[in-house]
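An overview of the molecular structure
Chain by chain, the residues run as shown.
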Amino acid sequence: MSEPRIMLTGMALNEAMDIAMTLDDKVFLLGEDIAEPSGGVYKVTKGLSDKHGLHRVRKTPISEQAIVGAAIGAAIAGYRPVAEIMMMDFLAVCLDQVTNHAAKIRYMSGGQTTVPMVIRTSAGAGMGFGAQHSAMLETFAVHSPGMKVAVPSTPADAKGLLLTAIFDDDPVLFVEQMMMYWDKSYAGEVPVGDVRVPFGKAAIRREGADVTLISYGRQMRDCLAAAELLAADGVSCEVIDLRTLVPWDEAAVMQSVGRTSRAVVVHEAVTRCGFGAELSSRIHEELFGQLSAPVQRVGSANTPVPYASNLEADFIPTVADIVAAVQRTQG
Amino acid sequence: MSDVERPDAPDRDTLLQMFEIQSRIKLCDERFRSMLMSGQIRLIYYSPRGQECISAGWGVHLRQDDYVVTIYRGLHDHLAKGVPLRELWAEFLGRATGTCKGKGGPMHVTHPESGLMVTTGIVGAGIPIANGFGLAAQLSGTDQVTVVNFGDGASNIGAFHEGMNLAAVWKLPVIFVCQNNLYGEHTPMSMSTGVEYISERAASYGMPGVTVDGNDPIATWKVMGEAVARARSGGGPTLVEARTYRFWGHLMGDAMEYMDKAERKAAMAADPVVLYRAWLIDNGHATEAALAEIEEQVTAAIDDAVEFAMNSPQPDASELYTDVFGDDSAAMLKGAAR
């Protein structure tokens, strides 16, 4: 048996785009600095322009509306563009194209035109970039009917979900937490070839009986660490990775919480009106009578992302925050 | 137009084709306004009256497989690109038989079969999207061109700048048609725009820019032809500013108190469709009877379209939830469906 193939998240994403471009000549990339010699500010598109050509790995001006607009038009005309918005905060600069056009065009046209495009964007705090280069704004897209949203938590999912996103016939916001790109602690096994991960199918990352932790993205690792600590105290946690927020796997969540009767939702986006609010509401609507405790939410502080490293560390939810939230559901 | 012959005019077929398009636009608009005024129909309506010659001017240069993007004041552009009257009327009235099954409405008419790809309700937003159609044609190696229409107001929004620059950098086969009707919503251009001619802005992107009298169908036809030929042959984009006037304000029901009464009266007295009709007859390109026959045919087609639309049902209630996604994702989101 061969050794498992361990990869970093950035490499797995690169492989997904390489495979997609090799499989289908309608796939192309566009974004700021993505071509060689830079290969993207985070090197995620490294080497792809050398292999597939500058006409398919297109460097753009710093013009987010032009990037997303061009992707939308090309997608309607039959291409499968992958647009990169360098930082998720910059989504605010082109939100009209995302929410008014990419999201709504299928519906407004009565299904005559579709927008099979992906917007890849790097996001999240922890890098010391301050308030305008660190936000998690996935609910912008969740609140725009017509957009799909994926947030991978492992290198294998980063690759498999991105492949699914590229070949999906709807626009997808693909959120990549930049802390995961080249950090070895997030490394993982990645299958060879065109292996896709379906949307709307949650992964049970750990089975448990007393409480269900529901999360996505980089915070999965913190949830698993919290579950390990809590196990030592005799609390058995089930940990669910949503993988995609639109669509999200309601059946898996309700089935699990129905069994454990307790739930904690965790994400890096600020808590107020984060995706956890939707999760918590839905769980209360469906399972109110069966719950042993109110659903608890864990998210970032309801503030802009601070710069100073101590404040930034306090801003992001920690393993201790998750443990404390689980403890609030006990007793 | 004057009563003198124009050596720069196209052949007779093209002249009559432009007249037919202009008549469709004018007569459709008149029907919409009379039905709205009499309360027979109710919808948000942006009259294109006065701007007919511009759409007809590019309309006769385009093939069915060329792309057009337009905005909420788009009826004239829809008709010039050949969107069929029945489906167009049904869409304006929100009927199941409309181009978009009644789910888009007048501000979002889409008919890919005719090449009418996007109608947006957001000022300037079509410009970056038009580049995508141009890019698709460029990547595929076809000679399809894209015409994107917008108003003078759109030239002051960021999407215009981003889109024009990218089109120039990538030499995209896109014709940017600024239908300058001298008003952005309720504000005259002189109070919103720092240049006298929108076409001057093209120089800052390194693309050709030209201003034409958009009420002169021959001059407009010529300028549009040059821009289309440039795009089709790989010569890149052009900004065409076609100066015109909108007869009925921003929106049906607009009191137009911000418009100069004498200015509007003069513009309506110089109705470009009426002048063109007279010019065709005076210069022997068509007889009165031949043009009247075209108008009768258009009127009959509109009668048919109105009847078709009025007798069509509204979309089925189940359509609320269809076309959100291409798969069953919407059904998975039970909570969201409420």
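Just so it is clear, the structure is predicted and the values come from calculations on it, not from any experiment.

A short note on the overall build of chain B
In terms of helices and strands, chain B carries 12 helices and eight strands. For 338 residues, the compact-globule estimate of 2.2 N^0.38 gives 20 Å, and the C-alpha radius of gyration of chain B, at 20 Å, lies within 12% of that figure. In terms of its C-alpha atoms, chain B occupies a principal-axis envelope of roughly 65 × 50 × 40 Å. Per-residue burial for chain B yields a buried fraction of 52% across its 338 residues. Across chain B, the fraction of contacts at a sequence separation of at least 24, relative to all contacts at a separation of at least 6, is 75%.

Examining the interface of chain B and chain A
Listed as interface residues are 36 residues of chain B and, on the opposing side, 39 residues of chain A. Going through the elements one at a time, strand 2 (116-120), helix 5 (126-140), helix 6 (158-169), helix 11 (329-332) and helix 12 (334-337) of chain B are the ones with two or more residues in the side of chain B that touches chain A. The element best represented in the side of chain B that touches chain A is helix 5 of chain B, accounting for nine residues. Looking at side-chain class alone, the side of chain B that touches chain A contains 19 nonpolar, 12 polar and five charged residues.

Topic: the environment of A:V115
Residue and element names in this part refer to chain A. Positionally, V115 belongs in the loop between helix 5 (105-108) and strand 5 (118-123). The class of V115 is buried, set by 27 C-beta atoms lying within 10 Å. Residues in contact with V115, not counting those within four places in the same chain, are I72, A75, I76, A102, I105, R106 and P171.

Remarks on the domain arrangement of chain A
You'll often see interface size given as the accessible area lost when the parts meet. Residues and elements named next belong to chain A. When the domains of chain A are assigned, the result is domain 1 (6-189) and domain 2 (203-329). Computed over C-alpha atoms only, the centres of domain 1 and domain 2 are separated by 26 Å. A class-by-class count of the residues in the side of domain 1 that touches domain 2 yields 15 nonpolar, eight polar and three charged.

Notes on the sheet that holds strand 3 (residues 146-151) of chain B
All names here are of chain B. Read from one edge of the open sheet, six strands run 2-1-3-4-8-7, paired in parallel fashion. Looking at which strands have only one partner, the edges of the open sheet turn out to be strand 2 and strand 7 (209-213). In this sheet, adjacent strand axes meet at a mean angle of 20 degrees when their direction is disregarded. With four bridges joining them, strand 1 (residues 67-71) and strand 2 adopt parallel strand pairing. Note that in strand 2 the partner of V69 across the bridge is V118. Sitting on the sheet, helix 5 is in contact with strand 1, strand 2, strand 3 and strand 4 (174-180), with an inclination near 175 degrees to strand 3.

A few points about unusual backbone geometry
Across the junction of A:E36 and A:P37, the peptide omega takes the value 10 degrees, indicating a cis bond. Of note, A:P37 is situated in the loop between strand 2 (27-31) and helix 2 (48-52). For the bond from A:V246 to A:P247, the omega torsion is -5 degrees, close enough to zero to count as cis. Counting through the fold element by element, A:P247 comes out in the loop between strand 12 (244-246) and helix 9 (250-260). We note that A:C273 has phi near 60 degrees; this positive angle belongs to a residue other than glycine. Summarising the element assignment, A:C273 is placed in the loop between strand 13 (263-270) and helix 10 (275-287). Phi at B:L182 is positive, roughly 75 degrees, even though this residue is not glycine. Tracing the backbone shows B:L182 in the loop between strand 4 and strand 5 (183-184).

Here's the deal with helix 3 (residues 64-76) of chain A
Residues and elements named next belong to chain A. A rise of 1.5 Å per residue sets the reference length of helix 3, with its 13 residues, at 18 Å; its end C-alpha atoms lie 18 Å apart and thus fit the reference within 8%. Taken across its 13 residues, helix 3 has 13 buried, putting it largely inside the fold. Phi turns positive, to about 110 degrees, at G78, one or two residues after helix 3.

Observations regarding the nonpolar core
A:L213, B:I175 and B:V240 are the most contacted members of the largest nonpolar core, which has 202 residues in total. For this core, the element with the most residues is helix 3 of chain A, which contributes nine residues. In this structure, A:L213 is in contact with A:C223, A:A227, A:C237, A:V239, A:I240, A:V264, A:V266 and A:I322, ignoring residues within four places of it in sequence.

A closer look at the packing of helix 1 (residues 12-37) of chain B against helix 10 (residues 288-310) of chain B
All names here are of chain B. Where helix 1 meets helix 10, the axes come as close as 9 Å, and the angle between the chain directions of the two elements is 45 degrees. When the axis of helix 1 is compared with that of helix 10, the two are oblique. Every pair of crossing elements has a handedness; the one defined by helix 1 and helix 10 is right-handed. Facing helix 1, whose interface residues are F19, E20, S23, R24, L27, C28 and R31, helix 10 presents L291, I294, E295, V298, T299, I302 and V306. Partitioned by chemical class, the residues of the contact of helix 1 with helix 10 number eight nonpolar, two polar and four charged.

Section: the pairing of strand 5 of chain A
All names here are of chain A. Taken across its six residues, strand 5 has six buried, putting it largely inside the fold. Neither face of strand 5 is exposed, since V118, R120 and S122 on one face and I119, T121 and A123 on the opposite face are all buried. Note that strand 4 (residues 80-87) and strand 5 share five bridges and pair parallel. By the bridge assignment, E84 is partnered in strand 5 with R120. Pairing analysis gives six bridges linking strand 5 to strand 7 (residues 172-177), with the strands arranged parallel. Its bridge partner lying in strand 7, T121 is registered against V175.

Conventions we followed
Residues numbered from 1 in each chain as written. Chains lettered and ligands numbered in written order. Predicted model: local features only at pLDDT ≥ 70, side-chain atom pairs only at ≥ 80, totals over all residues. Helix = DSSP H or I, 4+ residues; strand = E, 2+ residues; numbered from the N terminus. Rg over C-alpha atoms; globule rule 2.2 N^0.38 Å. Buried ≥ 20, exposed ≤ 12 C-beta atoms within 10 Å, placed from the backbone. Contact = placed C-beta atoms within 7 Å. Nonpolar A, V, L, I, M, F, W, Y, C, P; charged D, E, K, R; others polar. Domains from an automatic or database assignment. Pairing = 2+ DSSP bridges. Axes fitted to C-alpha atoms, helices over the stretch in contact; angles between N-to-C directions. Expected span 1.5 Å × (residues − 1). Core = buried A, V, L, I, M, F, W, Y, C linked by C-beta atoms within 7 Å. Parallel < 35°, antiparallel > 145°, perpendicular 65-115°, else oblique. Left-handed = near helix turned anticlockwise from the far one by under 90°.

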